[in-house]
Amino acid sequence: MSKINKIFKLFLVVCLLSATSCDNDLTEINQNPNGVDPSQGNPSFLLTQVMVNTALDVGSKGYSGELSAFVQYTQKDSWGNNNYDWDGSGWNTYYGNLRSAKLALQRSQELGYTLHEAIAQILIAQNFVTLADYYGDVPYSNSVQADEDVILPTYDSQEAVYKGAIADFVAAAASISSNMGNLEAFGASQDIFFGGDAEKWMKYANSLALRYYMRLSEKDPGYAQAGVTATLAKPLISSVDEECALAYIGTSDGTSQPSNSATGGASAFNRVKPCTTFTDRLQELNDPRANVWFAPVAIPIKVVAAADVPGGEDDVVVDGVRYINEETLAANGLKIYDKDTWKADRLAGLSLVDTSSTYVGLPVSYQGSEPYTYNLNPNPVQGGGNVHVSLMNDQFKDASGEFLKARVLSYAEVCFLKAEAALKGWGSDAQGNYNKGVQASLDTWGIGDEYADYIDNAEVAYNGTLAQIMEQKWIANFATASESYLDWRRTGLPDLQTGPFALSSVIPVRFQYPDEERNINEANYNAALSSLETTTHTNDVPGKYENDTPWSKPWILQGVTQPW
């Protein structure tokens, strides 16, 4: 979407979201500052709050969050989670968003604000369907109703939430479309997603519907096909300028690029490393995005014959290169990193030496402890840095920047969805849409002029396979790890495997329910557990409660072959 830094400054007045006007007198100031009088709530400000929280949730799970490690974009060498030891982050953010969005919906209806009502409907559906994505069955139809004395809500089926949210996306888009030209204004300073552009909201809702129809393409192909076919005939996000990507403004840690050094300190940035799964593949494809996302290793390692080590030593750094005598490797339990054998080498007790001269990543689940010792780190202390492993690109040190955004739904994603649909016979021009997706991703990161050379690479030029479409979508969704994770869960692509020291031999497929649900909403929680399918991996990690584990399958994975 267009430049929105000045719009996103509304973060600075989030503290005013509970206010109903700017001219409160002293008697009003004495009221609860954390509450909103439902009869006075401003739907514009309420919706701004929901947009902010929705975008930040995507961003926090993306670039350096746990889901980024899950789909092997990044790993952390200190204070991180590389072994798939993560159960989720709870759902308070989502239900908090839903309370605000529900109030915005009610106020919009009372005021006759058609556009605001449709946007509230979209954001409500988006937050509910995200909950279903991660957990399975969730409180839905009678949730967020404490004001109606529903304190312990029942759980609706994952299927009902998916299909209900899709119906809401469709209805909201139709409402905007049918009332175009007669819609009330939504101020650009409040609408931080699309600057008050109703047409972009319509396209966004249609594009979300396409995403979720495709989400159900393996589980309910008849329903998905009908929905995809109908949606492809509607206006969708059609350019990078129309995508939903919210720029970080960097005024606080919460409004900044995750893991930056400006607000989080040097360690916050330094401990995030690219994952070798990602660096290896981008280098094989000669992908120009690698130069935008990673920094070359500061001091590369060369393993050479004894006669070629400068000064006749076994291990020495000369002119910014570390030379190691190859004859010393075996005696020290070392082996040169090989992407095809490294897991077996690690299980055999060997430590690895990565001799890449450009990008050196961290292998996934490399060891049971934090991998700050990797690649013969000369300063092997927690948070101490590692000159023999690449850092992320310097742009990610900053709290804000031209390309630093919470990327909620991109034009590239829409293109790849259309390409996949065409491959299934549900749409048209798979190759054209695939090519547009690649181009869009390069454009998004400011390197669109690299497209002509890149698309001609042997493994990049369209070959008509789902694996290729999903691989390029995985690459394009860097910094939107949540969507890559859900794509992998649906298709098993790319073929991601856990590392040798992961908690399980397979990647988790859901989040655990928050503990308070078991303690407070026990009956409804237990009913939800009955809909989870226990698998051979459900109990890979002892100590979980019954089958509420990351390796039990929710409805969307039951009876399908992917991801495992």
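As named in an unreviewed UniProt entry, the protein is Starch-binding associating with outer membrane, taken from Arenibacter algicola.

S.K.: Any chance you could explain the pattern of salt bridges here in plain terms?
M.R.: Should their charged atoms come close, side chains of opposite charge can pair. For the coordinates displayed, the defined rule picks out 28 salt bridges. Residues joined in a network through salt bridges with shared partners are Arg281, Glu284, Lys339, Asp340, Glu459 and Glu471.

S.K.: Even after reading the chapter, I still don't get the nonpolar core, so can you show me in this structure?
M.R.: A general tendency of soluble globular proteins is for nonpolar side chains to be buried together. In this structure, Phe193, Trp201, Tyr204, Trp293 and Phe478 are the most contacted members of the largest nonpolar core, which totals 143 residues. Element by element, the count of residues in this core is highest for helix H6 (residues 114-135), at 14 residues. Counting residues domain by domain, this core receives three or more from each of domain 1 (39-75 + 89-238 + 479-563) and domain 2 (266-395). Counting residues in hydrophobic clusters, the runner-up holds six residues, among them Ile324, Leu329, Leu334 and Val353.

S.K.: It is not clear to me how the packing of helix H5 (residues 92-111) against H6 should be interpreted in this structure. Could you clarify?
M.R.: It is at 8 Å that the axes of H5 and H6 come closest, and there the two elements cross at 160°. Here H5 is positioned roughly antiparallel relative to H6, judged by the angle of their axes. Handedness of the crossing formed by H5 with H6: left-handed. Across the interface between the two elements, Tyr94, Tyr95, Asn97, Leu98, Ala101, Lys102, Ala104, Leu105, Ser108 and Gln109 of H5 pack against His116, Glu117, Ala120, Gln121, Ile124, Asn127, Phe128, Thr130, Leu131 and Tyr134 of H6. For the contact of H5 with H6, the per-class residue count stands at eleven nonpolar, seven polar and two charged.

S.K.: In this structure, what is going on with the sheet that holds strand E8 (residues 321-325)? I would like to understand it.
M.R.: Two pairing modes exist for strands in a sheet, parallel and antiparallel, and in both the strands are linked by backbone hydrogen bonds. With mixed pairing, three strands are arranged side by side in an open sheet as E6-E8-E7. Edge strands, defined here as strands with exactly one partner in the open sheet, are strand E6 (301-304) and strand E7 (315-318). Taking the axes of each pair of neighbouring strands and ignoring which way they run, one obtains an average angle of 25° across the sheet.

S.K.: Looking at this model, I keep getting lost on the packing of aromatic side chains. Mind explaining?
M.R.: What describes a pair of aromatic rings is the distance from one ring centre to the other and the angle between the planes of the rings. Enumeration according to the criterion identifies 46 aromatic pairs in this entry. Here phenylalanine 193 and tyrosine 204 contribute two aromatic rings whose centre-to-centre distance is 6.1 Å and whose plane-to-plane angle is 80°, an arrangement assigned as edge-to-face. With phenylalanine 193 in the loop between helix H7 (158-178) and helix H8 (198-215) and tyrosine 204 in helix H8, the pair connects residues that are eleven residues apart, well separated along the chain. As far as burial versus exposure is concerned, phenylalanine 193 and tyrosine 204 are alike and both buried. The interplanar angle of 40° and the centroid separation of 4.5 Å between the aromatic rings of tryptophan 293 and phenylalanine 478 together place this pair among those described as tilted.

S.K.: How should I be thinking about the side chain of asparagine 83 in this particular structure?
M.R.: Checked against the element boundaries, asparagine 83 lands in the loop between strand E1 (74-76) and H5. Leave out the neighbours within four places in its chain, and asparagine 83 touches Ser365, Gln367, Gly368, Phe501, Ala502 and Leu503.

S.K.: Just checking my understanding: could you explain the domain arrangement of the protein for this structure?
M.R.: According to the domain assignment, the protein contains domain 1 (39-75 + 89-238 + 479-563) and domain 2 (266-395). If you average the C-alpha positions of domain 1 and of domain 2, the two centres end up 38 Å apart. Counting from both sides, the interface comprises 13 residues of domain 1 and, opposite them, 20 residues of domain 2. The tally of links from domain 1 across to domain 2 stands at zero salt bridges. On the surface where domain 1 and domain 2 come into contact, there are six residue pairs in polar contact (both at pLDDT 80 or more). Its residues assigned to classes, the side of domain 1 that touches domain 2 shows six nonpolar, seven polar and no charged.

S.K.: Even after reading the chapter, I still don't get the pairing of E8, so can you show me in this structure?
M.R.: Among the five residues of E8, five are classified as buried, and the element is accordingly described as predominantly covered. Burial of the side chains of E8 extends over both faces: Val321, Tyr323 and Asn325 are buried on one face and Arg322 and Ile324 on the other. Where E7 meets E8, four bridges bridge the pair, whose relative direction is antiparallel. Its bridge partner being in E8, aspartate 315 is matched across the sheet by isoleucine 324. Adjacent in sequence and paired antiparallel, E7 and E8 are bridged by two residues, among which aspartate 319 carries a positive phi angle near 50°.

S.K.: Any chance you could explain the environment of arginine 518 here in plain terms?
M.R.: Looking at where arginine 518 falls in the secondary structure, it is placed in helix H20 (residues 515-520). The sequence separation of arginine 518 and tyrosine 545 amounts to 27 residues, and the corresponding C-alpha distance is 9.1 Å. Excluding residues within four positions of it along the chain, arginine 518 makes contact with Tyr525 and Tyr545.

S.K.: Help me understand a nonpolar patch on the surface in this model?
M.R.: Residues Ile151, Leu152 and Ile520 make up a contiguous nonpolar surface patch of about 320 Å² in total accessible area. Mapped onto the fold, leucine 152 is located in the loop between strand E2 (138-139) and strand E3 (155-156).

Reading the values: the criteria
- Residues numbered from 1 in each chain as written.
- Predicted model: local features only at pLDDT ≥ 70, side-chain atom pairs only at ≥ 80, totals over all residues.
- Heavy atoms only, no water.
- Salt bridge = Lys/Arg side-chain N within 4 Å of Asp/Glu carboxyl O.
- Core = buried A, V, L, I, M, F, W, Y, C linked by side-chain atoms within 4.5 Å.
- Buried < 20%, exposed > 50% of the residue type's maximum accessible area, 1.4 Å probe, protein only.
- Helix = DSSP H or I, 4+ residues; strand = E, 2+ residues; numbered from the N terminus.
- Domains from an automatic or database assignment.
- Axes fitted to C-alpha atoms, helices over the stretch in contact; angles between N-to-C directions.
- Parallel < 35°, antiparallel > 145°, perpendicular 65-115°, else oblique.
- Left-handed = near helix turned anticlockwise from the far one by under 90°.
- Contact = heavy atoms within 4.5 Å.
- Nonpolar A, V, L, I, M, F, W, Y, C, P; charged D, E, K, R; others polar.
- Pairing = 2+ DSSP bridges.
- Phe/Tyr/Trp six-rings, centres within 6.5 Å; stacked < 30°, edge-to-face > 60°.
- Polar contact = N/O pair within 3.5 Å; in protein donor to acceptor, adjacent residues only side chain to side chain.
- Patch = residues over 30% accessible without salt bridge, like charges linked within 9 Å, V, L, I, M, F, W, Y side chains within 5 Å.
- Areas by Shrake-Rupley, 256 points an atom, 1.4 Å probe, with all protein chains shown as cover.

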